[in-house]
Amino acid sequence: MCGIVGLHLRTPELYPRLGELLAGMLCEMSNRGSDSAGVALYGDPTWTPPGRGCVSLLEVDGDDESNQRCSRFRAGRQGIATTLGATRLLTADADSETLLTAARAAYPGVLVAGFGADLAVLKGVGDPATLTRSWGLDTAQGWQGVGHTRMATESAVTPSGAHPYAVDPNSAWCTTARSPTTPPSDANYKPPVCDSTARTTPRSVPGSSRAGWQRAATWRPRSRNCAPPSDGFYTLLVSNRDSFAVVRDAIACKPAVIAETDDWVAMGSEYRALSGLPGVEKAAIWEPEPEVVYAWTR
Amino acid sequence: MDTVTRFDLAKVPLREVNTALHAPHLTGEFVIENPAGTHNVAVGMNADVKVTVDGHVGYYAAGMNQRASITIDGNAGTGVAENMMSGTVWVKGNASQSAGAHRPRRAADD
């Protein structure tokens, strides 16, 4: 079953509350599956200081030589390694790709949960309440976050099995899906929903826009090639540093609710995930239509 | 005039509310506040009463209804008014999927 949530803050006054609000949304979804969970958070000044390269790693299992290589790299670039449960978060005065290359050289076989400026991806095994508390998510800040709480149906319960997945620099990919839909394992795969050439006429949907955050587009893909390469059922939430998008398959049996106010845009598997957000009583609320891409950018 | 009984789901557990609505010889009018997307609100009613849910509900709201007039002043999640036998269920917002779904009665049931 699984549950997904996403929150995109338009008003900077809410940035200090991002972690608290996202944790509340994720925990509300925990009875849709709570064997493991993950979040991608954009803009926390402590975890991912502005202007630094950021890489989130899982299954870091290095020997002495690996640790020494990592230390040498970090020494020259003011590198900082933070361990948050199963995740090792690296930041350095280098671009994220350079940092990623160095991390892969130091720790062959390491799993990359995410990478890109301002992006931290945290994952772990356990229920969302325990995990988010252990990460200190309540005090995290930023402008955007997505989260996933998982009920494993086709693969092992491990931190790496939890969403979100990285498919590009800055990206995070969350789904509620059932077999045979699987997230792409190829790091070079680009989510088609980000392909602006695939759009047709923008459509009018409920909601509002405000300077800073704009609805980038809502469109019906011209062809089904725009959808993820899958013949399964899914609701997909994709984010990168500056935008996020929601799309459902043609049947749309995997649940999704979107809410939008002047202060934020939010998505959840169910409305109750959104019910604690400030000002939700005045939000435009709707269920996304099948095979329509809803996208916002800032 | 019938009295209006109010339940606040922010303060009272859902099971307690549904149990109260299942009381024998139930009469009057009921308002359920702050549903906040909760599942299974006002399920299994079997009385000639009026129930208003003031807000959005989750899955299976007003399921298995008999005789009651239930108004949901908001959106409903999957499966609102499933297996309804009589009465009315009015969703003022969006009714999502499987609204009013019903398993037809078969001879083998009798």
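Residues numbered from 1 in each chain as written. Chains lettered and ligands numbered in written order. Predicted model: local features only at pLDDT ≥ 70, side-chain atom pairs only at ≥ 80, totals over all residues.

Caption draft 1: Region of the structure containing the overall build of chain B. Helix and strand content of chain B: one helix and five strands. Mapped in sequence order, the helices and strands of chain B form the string β-α-β-β-β-β. Radius of gyration (C-alpha) of chain B: 13 Å, near the 13 Å computed for a compact globule of 110 residues. Taken over 110 residues, chain B has a buried fraction of 36%. The contacts of chain B with a sequence gap of at least 6 include a subset with a gap of at least 24, amounting to 17%. (Helix = DSSP H or I, 4+ residues; strand = E, 2+ residues; numbered from the N terminus. Rg over C-alpha atoms; globule rule 2.2 N^0.38 Å. Buried ≥ 20, exposed ≤ 12 C-beta atoms within 10 Å, placed from the backbone. Contact = placed C-beta atoms within 7 Å.)

Caption draft 2: Inspection of the interface of chain B and chain A at higher detail. Chain B puts 11 residues into the contact, and the matching count from chain A is nine residues. The residue makeup of the side of chain B that touches chain A, split by class, is one nonpolar, 10 polar and no charged. (Nonpolar A, V, L, I, M, F, W, Y, C, P; charged D, E, K, R; others polar.)

Caption draft 3: Quick look at the sheet that holds strand S6 (residues 111-115) of chain A. Residues and elements named next belong to chain A. Read from one edge of the open sheet, four strands run S4-S5-S3-S6, paired in antiparallel fashion. Strands with a single pairing partner mark the edges of an open sheet, and in this sheet they are strand S4 (80-84) and S6. Across the sheet, the mean angle separating the axes of adjacent strands is 25 degrees when strand polarity is ignored. Sheet topology note: the S4/strand S5 (residues 87-92) ladder contains five bridges and is antiparallel. If you follow Leu84 over to S5, its bridge partner there is Thr87. Seen against the sheet, helix H3 (residues 96-106) touches strand S3 (53-58), S5 and S6 and runs at an angle of roughly 35 degrees to S3. (Pairing = 2+ DSSP bridges. Axes fitted to C-alpha atoms, helices over the stretch in contact; angles between N-to-C directions.)

Caption draft 4: Seen up close, the environment of Leu89 of chain A. All names here are of chain A. Topologically, Leu89 is positioned in strand S5. The spacing of Leu89 and Ala113 is 24 residues in sequence and 9.6 Å in space, taken between C-alpha atoms. Contact partners of Leu89, with chain neighbours within four places excluded, come to Trp47, Ser56, Thr82, Leu84 and Ala120.

Caption draft 5: Local environment of the sheet that holds strand S8 (residues 144-150) of chain A. Residue and element names in this part refer to chain A. What the seven strands build is an open sheet, ordered S7-S2-S8-S1-S14-S13-S15; its pairing is antiparallel. Of all strands in the sheet, those bounded by a partner on one side alone are strand S7 (119-125) and strand S15 (284-286). For this sheet the average axis-to-axis angle between neighbouring strands, irrespective of direction, equals 10 degrees. This element, helix H1 (residues 18-28), spans strand S1 (3-9), strand S2 (36-42), S8 and strand S14 (264-268) of the sheet and lies at about 155 degrees to S1.

Caption draft 6: Representation of the packing of H1 of chain A against helix H4 (residues 128-135) of chain A. All names here are of chain A. It is the contact of H1 with H4, at a shortest axis distance of 9 Å, that shows an interaxial angle of 160 degrees. Taken together, the axis directions place H1 and H4 in an arrangement best described as roughly antiparallel. By crossing handedness, the relation of H1 to H4 is classed as right-handed. Within the contact between the two elements, H1 uses Ala23, Leu26 and Cys27 and H4 uses Pro128, Ala129 and Thr132. Taken together, the residues that form the contact of H1 with H4 break down as five nonpolar, one polar and no charged. (Parallel < 35°, antiparallel > 145°, perpendicular 65-115°, else oblique. Left-handed = near helix turned anticlockwise from the far one by under 90°.)

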